[in-house]
Amino acid sequence: MNASASAPAAAQPLLKSGARYTIEVGRCILFGVVISAVCAGLFFWLSDRVVHRGLVVVLSAFVFPVLYGLAGHQRGIGRALATLSRSHGGYLYDHTLGRFLDTIESRRPGAIATALSSPGKLVQSFRTYLHENPGMPRMMRRVALHYVGRVGEQIDEGTLTQHNMVVDGRVNAAALRHWAVERMHDQFLPSWKGFGIVFSLQVLAIGALVWASR
């Protein structure tokens, strides 16, 4: 009974993250279709010549909506990971950054403090660790590199001291894990950078076609 009851509960985070991914992709495609329609309308309004109209239709109806969908895919993955991190953040930490820190500390005591001394050292040391341990799946490696990079951006001497991650010159592993897991959701939240790049390309393309058709 307990096993059958726990199965739906265990699947809920996966279903929720999948729904977040689908919503994000659909939203970006919808925004892209609307923006493409507006750009095409502006082109037809500003250009009296028939030349390039077929190209504008192809770009607006097919090419750029697909690119907006790819931007939505990127955002959707980030949104799904952010959702999963609320329920599985500890697992992700233990199998990526946590395992890495335990490994280097066992090889050389004090290595954690050295790795945390600067963002560049942390990320570079983690890349070396992944190169030396190729058994981690590719998708997990990409997620781990993104996560560790964001952690490295936020860790400095003041943060280490404020959250008791370093006490008397020694790293408090439990406090570090708590801090990293608590902020994992925000570190995976997606940005609009990819969407903005596609939008900028579309504006430039339509502007160039308007100029060329005059």
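These numbers come from a predicted model, not from an experiment.

A. Looking closely at the layout of surface pockets. Taken as a whole, the largest pocket encloses approximately 480 Å³ of empty space. Along its surface, the largest pocket is lined by 17 residues, and Gln74, Ile77, Gly78, Arg142 and His146 are the ones closest to its centre. At the level of elements, helix H2 (53–95), helix H6 (138–154), helix H9 (184–188) and helix H10 (193–212) are the ones that each hand at least two residues to the lining of the largest pocket. For the lining of the largest pocket, the residue count by class is 7 nonpolar, 6 polar and 4 charged. Looking at the second largest pocket, its volume works out to about 210 Å³. As for the second largest pocket, its lining consists of Leu14, Leu81, Leu84, Ser85, His88, Gly89, Tyr91, Leu92, Met139, Met140, Val143 and Met184. Elements supplying a minimum of two residues to the lining of the second largest pocket: H2 and H6. Considering each element in turn, the lining of the second largest pocket owes the most residues, 7 residues, to H2. Among the residues making up the lining of the second largest pocket, the classes are represented as 9 nonpolar, 3 polar and no charged.

B. Focus on the pattern of salt bridges. Applying the stated criterion across every chain yields a total of 6 salt bridges. Residue Arg27 pairs with Glu24 through a salt bridge whose shortest N-O separation is 2.7 Å. In this pair, Arg27 and Glu24 are both assigned in helix H1 (residues 2–46), 3 residues apart and thus about one turn of the helix distant. Overall, the relative accessible area of 32% leaves Arg27 in the partly exposed class. Overall, Glu24 belongs to the buried group, its relative accessible area being 3%. For the salt bridge of Glu24 with Arg79, the shortest nitrogen-to-oxygen distance reads 3.4 Å. Residue Glu24 is found in helix H1, and its partner Arg79 is found in helix H2; the two are separated by 55 residues along the sequence. By relative accessible area, which is 22% here, Arg79 ends up partly exposed. Among the charged side chains, a salt-bridge network with shared partners connects Glu24, Arg27, Arg75 and Arg79.

C. Spotlight on the packing of H2 against helix H8 (residues 173–182). One way to put it is that H2 packs onto H8 with a least axis distance of 9 Å and a crossing angle of 125°. As far as their axial angle goes, H8 and H2 are oblique. Note on packing geometry: the crossing formed by H2 with H8 is right-handed. Two secondary-structure elements touch here, H2 through Gly89, Gly90, Tyr93 and Asp94 and H8 through Leu176, Arg177, Ala180 and Val181.

Rules used in this analysis
- Residues numbered from 1 in each chain as written.
- Predicted model: local features only at pLDDT ≥ 70, side-chain atom pairs only at ≥ 80, totals over all residues.
- Heavy atoms only, no water.
- 1 Å grid on protein atoms, 1.4 Å probe; cavity = no way out; pocket = protein on both sides within 12 Å on 5 of 7 lines; lining within 4 Å.
- Points joined across faces, edges and corners; volume = space filled by probe spheres on them.
- Helix = DSSP H or I, 4+ residues; strand = E, 2+ residues; numbered from the N terminus.
- Nonpolar A, V, L, I, M, F, W, Y, C, P; charged D, E, K, R; others polar.
- Salt bridge = Lys/Arg side-chain N within 4 Å of Asp/Glu carboxyl O.
- Buried < 20%, exposed > 50% of the residue type's maximum accessible area, 1.4 Å probe, protein only.
- Axes fitted to C-alpha atoms, helices over the stretch in contact; angles between N-to-C directions.
- Parallel < 35°, antiparallel > 145°, perpendicular 65-115°, else oblique.
- Left-handed = near helix turned anticlockwise from the far one by under 90°.
- Contact = heavy atoms within 4.5 Å.

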